[in-house]
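Fold and geometry: a report
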Amino acid sequence: QVQLVESGGGLVQPGGSLRLSCVASGRILRPNIFAWYRQAPGKERELVASVNSGGIANSADSVKGRFTISRDNAKNTLYLQMNSLKAEDTAVYYCNLYGLGPISYRYWGQGTQVTVSS
């Protein structure tokens, strides 16, 4: 069983920065995709950014140029550097890990709250 534990959320003013981390523990099979999702109140969960085990990253248009996703495979850790934060970035951010190989799996973290407000 794999566990994902997020950290780094909090309250920040508009224009500020935060760095989220997600540590995965357990037996992790590759290839896989590590991703950040977010869910704002009253809205559906949406994909923010993802990075595969080879290091290829993608991000949503709404965060391009502001958020950077990265991973450290040696530490089984996923990061999300969030700069120039806006009020509309306020949401619970979830870490997600899913397998691309012959054995299918998908795991979620418990979520971390990010609030952008003055």
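Scroll up for the structure.
Now for a quick tour of the structure. (Residues numbered from 1 in each chain as written. Predicted model: local features only at pLDDT ≥ 70, side-chain atom pairs only at ≥ 80, totals over all residues. Heavy atoms only, no water.)

**Notes on the pattern of salt bridges**
Evaluated as defined, the whole model comprises four salt bridges. Its salt-bridge partner being R38, residue E46 comes within 2.7 Å of it at the nearest N-O pair. Overall, the relative accessible area of 35% leaves E46 in the partly exposed class. For R38, a relative accessible area of 6% puts it in the buried group. (Salt bridge = Lys/Arg side-chain N within 4 Å of Asp/Glu carboxyl O. Buried < 20%, exposed > 50% of the residue type's maximum accessible area, 1.4 Å probe, protein only.)

**What to know about the sheet that holds strand β7 (residues 67-72)**
Here four strands make up an open sheet; going across it, the order is β1-β3-β8-β7 and the pairing antiparallel. Two strands lie at the open edges of the sheet, namely β1 (3-7) and β7, each paired on one side alone. The mean angle between the axes of side-by-side strands here comes to 15°, regardless of whether they run parallel or antiparallel. Note: β7 against strand β8 (residues 77-82), six bridges, orientation antiparallel. Across the sheet, the residue bridging to D72 is T77, located in β8. (Pairing = 2+ DSSP bridges. Helix = DSSP H or I, 4+ residues; strand = E, 2+ residues; numbered from the N terminus. Axes fitted to C-alpha atoms, helices over the stretch in contact; angles between N-to-C directions.)

**Let's talk about the state of the cysteines**
A full pass over the atoms with the stated rule returns one disulfide. One disulfide bridge connects C22 with C95, the sulfur atoms lying 2.1 Å from each other. Because the sign of the S-S torsion sets the handedness, a value of about -80° for the bond joining C22 and C95 places this disulfide among the left-handed ones. Placement of C22 in strand β3 (residues 18-25) and of C95 in strand β9 (residues 91-99) is noted, with a sequence separation of 73 residues between them. Since its relative accessible area comes to 0%, C22 is described here as buried. Since its relative accessible area comes to 0%, C95 is described here as buried. (Disulfide = S-S within 2.5 Å.)

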